[in-house]
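Read off the chains here:
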Amino acid sequence: MDSQVLKDDQKITVAQKLRLRRSLMAVGAGFANSLVITIAWQFGYVFVSGELLFAYLAVSSIGYALFPWLILTKKNLNFSDPSMTSFQIGWQLIMILVCMYAAPGIRELLIVNFLLILLFSVFRYHPKQLPFVAAFLLSSYLLVILAQLMWSSAPIHWQYEVVTSLVFVLGLIGVSLLGVEISSLRVALKRRNEHLALLTAKNEQLAVTDDLTGLYNRRHLMRILRRQKSLSDRGGYQFSIGFIDLDFFKQVNDTYGHAAGDAALVAVAKEINRTLRDVDYVARIGGEEFVVVLSQTDYAEALRIAERLRADIAQLKIDLGEGQPTIALTASLGVATYRLTETLNDLIHRGDSAAYAAKSCGRNCIVGEKELPETEQYKNPLASSKLEDPDLVFPAIVD
Ligand SMILES: Nc1nc2c(ncn2[C@@H]2O[C@H](COP(=O)(O)OP(=O)(O)OP(=O)(O)O)[C@@H](O)[C@H]2O)c(=O)[nH]1
């Protein structure tokens with residue numbers, strides 16, 4: 001599976017766990033509220049029949065249970081807000097308002113629930129939205145008083161209501177301010193976490209790549225080789241490696257400077273990357289030395305790929321930068337194929353020796369391990385003659 005998809009899946013699972021925990025907290029709060037109302041009803045504070053109380057408890061429980069169920073069945077993921085914050089808050093609010101209306105004697109005590117709702121909102125809403133939530137809660141409370149005035153026989157004591165409402169407002173202001181504080185802490189924490197995640201990703205990237213070319217580095221190459229070896233040791237899988245060593249690279253540095261040499265290395269790295277198949281890997285293991293790992297590739301196929309790489313590098317026109325000429329470079333390549341259960345050192349040694357042999361046989365050519373020590377078979381016939389004359393072997397200026 002694609003690693004990005006895997007990461008996204010993990011993120012969703014973590015978010016779902018958090019949502020479930022919060023909705024279960026709401027279930028707990030709802031259960032506690034139901035218990036309080038039942039006790040209050042026993043003591044005669046709730047003016048409803050036993051049937052109505054039972055109906056209230058049943059509806060309230062179903063409503064509260066609905067949210068964890070939606071999360072467990074992942075149906076919430078289809079909603080624009082999978083946390084269902086507004087719905088959960090709305091449901092809690094309705095249940096409390098019903099209780100307040102039915103139990104005017106303990107109405108002011110139930111205000112505590114409003115403060116809890118506001119605290120819950122802190123974790124979901126932007127700090128700027130909190131005053132609106134607070135205003136909404138206060139209006140709901142005033143509406144209950146109005147409803148009682150209109151439809152209930154319970155007496156309203158205005159002075160007491162004013163004092164209670166003022167205490168309520170102070171409570172709302174206090175919780176809102178606390179909420180703003182908590183929110184800014186959360187935002188700061190989130191930013192820091194994002195920054196840390198970015199730094200970690202960068203570090204991971206740096207740990208596996210070569211600074212100059214962006215190719216894999218030697219350490220990561222060994223990791224790739226170990227993975228290929230274990231695949232191969234299980235049977236039915238072959239892989240090969242190719243050592244690529246640029247020819248007469250020292251002269252690029254000596255003639256055009258180190259920066260031009262760097263530009264040439266970057267250009268060749270790009271070309272190797274372009275030529276390789278998606279399933280292959282390439283690393284820069286030293287100055288002008290690269291290693292390609294050819295997945296699912298037998299010896300004959302590896303030689304063909306190596307020949308393609310050699311030809312592509314030789315045809316490449318390398319722009320050395322402003323004020324510098326465009327040059328061409330060649331490379332010598334050694335090819336080796338993994339033999340079951342051998343050590344990676346043995347494989348690397350054969351690949352390296354083959355590349356060394358390619359140098360000896362005239363450069364700009366490939367040598368396969370089976371040609372060792374006879375190195376003539378994959379030799380580029382033009383190359384050895386070039387070697388005789390230093391002017392000819394020097395990276396040619398093509399523009
Ligand atoms: N610009 C640049 N040059 C590097 C870097 N790393 C190594 N080199 C140079 O690469 C050159 C390698 O030279 P040699 O090992 O003599 O090999 P060569 O000149 O390519 O000769 P053959 O391999 O025998 O064809 C040296 O001059 C190093 O200084 C690098 O990161 N950037």
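Reading guide: rules and limits
Residues numbered from 1 in each chain as written. Predicted model: local features only at pLDDT ≥ 70, side-chain atom pairs only at ≥ 80, totals over all residues. Heavy atoms only, no water. Near = heavy atom within 4 Å. Polar contact = N/O pair within 3.5 Å; in protein donor to acceptor, adjacent residues only side chain to side chain. Areas by Shrake-Rupley, 256 points an atom, 1.4 Å probe, with all protein chains shown as cover. Helix = DSSP H or I, 4+ residues; strand = E, 2+ residues; numbered from the N terminus. Nonpolar A, V, L, I, M, F, W, Y, C, P; charged D, E, K, R; others polar. UniProt positions renumbered as here; feature names shortened; annotations may be inferred. Expected span 1.5 Å × (residues − 1). Buried < 20%, exposed > 50% of the residue type's maximum accessible area, 1.4 Å probe, protein only. Arc of directions from axis to C-beta. Contact = heavy atoms within 4.5 Å. 1 Å grid on protein atoms, 1.4 Å probe; cavity = no way out; pocket = protein on both sides within 12 Å on 5 of 7 lines; lining within 4 Å. Points joined across faces, edges and corners; volume = space filled by probe spheres on them. Salt bridge = Lys/Arg side-chain N within 4 Å of Asp/Glu carboxyl O.

(A) Region of the structure containing the site of the ligand. The environment of the ligand is formed by 16 residues, the closest being Phe249, Lys250, Asp262, Arg284 and Arg363. Here an oxygen atom of the ligand and a side-chain polar atom of Asp245 are 3.4 Å apart. Between the ligand and the protein, one listed contact pairs a nitrogen atom with a side-chain N or O atom of Asn253 at 2.8 Å. Taken by itself the ligand offers 660 Å² of open surface, and the protein chains cover 67% of this. Among the secondary structure elements, those contributing two or more residues to the shell around the ligand are β1 (240–246), α8 (249–256) and α9 (258–275). With four residues, the single largest contributor to the shell around the ligand is α9. A per-class count over the shell around the ligand returns four nonpolar, four polar and eight charged.

(B) The arrangement of the environment of Ile366 in detail. The residue Ile366 is located in strand β7 (residues 366–368) in this model. Along the primary structure Ile366 and Leu309 are separated by 57 residues, whereas in three dimensions their C-alpha atoms are 9.7 Å apart.

(C) Just the UniProt feature "transmembrane region" (unreviewed entry) in the chain, in detail. UniProt marks residues 24–47, 53–72, 109–125, 132–151 and 163–182 with the feature "transmembrane region" (unreviewed entry), using the numbering shown here. Strand forms 0% of residues 132–151 and helix 100%; the C-alpha atoms that close the span are 28 Å apart.

(D) Expanded view of helix α5 (residues 130–151). Taking 1.5 Å as the rise per residue, α5 with 22 residues should run 32 Å; its terminal C-alpha atoms sit 31 Å apart, in good agreement. Buried within α5 we find Leu130, Val133, Ala134, Leu137, Ser140, Tyr141, Val144, Ile145, Ala147 and Gln148. Buried residues along α5 cover an arc of 160° about the axis, so they all sit on one side. Residues of α5 that are exposed and point more than 90 degrees away from the buried face comprise Phe132, Phe136, Leu143 and Met150. Check the buried side of α5 and you find it contacts α3 (85–102), α4 (107–122) and α6 (158–208).

(E) Structural view of the environment of Gln296. Mapped onto the elements of the fold, Gln296 is located in the loop between β3 (289–294) and α10 (299–315). What makes Gln296 exposed here is its relative accessible area of 58%. Expressed as a C-alpha distance, the spacing of Gln296 and Phe239, which sit 57 residues apart in the sequence, is 4.9 Å. Other than its neighbours up to four places away in sequence, Gln296 contacts Tyr237, Gln238 and Phe239.

(F) Structural detail: empty space enclosed by the protein. Counted by the stated rule, this structure contains two cavities of 30 Å³ or more. Roughly 60 Å³ of internal volume is contained in the largest cavity. When residues of the lining of the largest cavity are traced back to their parent elements, those giving at least two are α1 (3–42), α3 and α4. For the lining of the largest cavity, a count of residues per class yields five nonpolar, four polar and no charged. When its volume is computed, the second largest cavity comes out at roughly 50 Å³.

(G) Fine view of the pattern of salt bridges. One pass over the full model with this rule turns up 14 salt bridges. Note that Lys359 and Asp245 form a salt bridge whose closest N and O atoms lie 3.2 Å from each other. Separated by 114 residues along the polypeptide, Lys359 in helix α11 (residues 344–360) and Asp245 in strand β1 bring together distant segments of the chain. Of the two residues examined, Lys359 and Asp245, each falls in the buried class. What you see here is one network of salt bridges that share partners, running through Arg339, Glu342, Arg350 and Glu369.

(H) Broad picture of unusual backbone geometry. One non-glycine residue, Met84, lies in positive phi territory at about 55°. On the secondary structure map, Met84 appears in the loop between α2 (50–72) and α3. Taking the relative accessible area as the measure of exposure, Met84 reaches 2% and is therefore buried. Here the phi dihedral of Asn364 falls at roughly 50°; this positive angle occurs in a residue that is not glycine. Position of Asn364 relative to the elements: it lies in the loop between α11 and β7.

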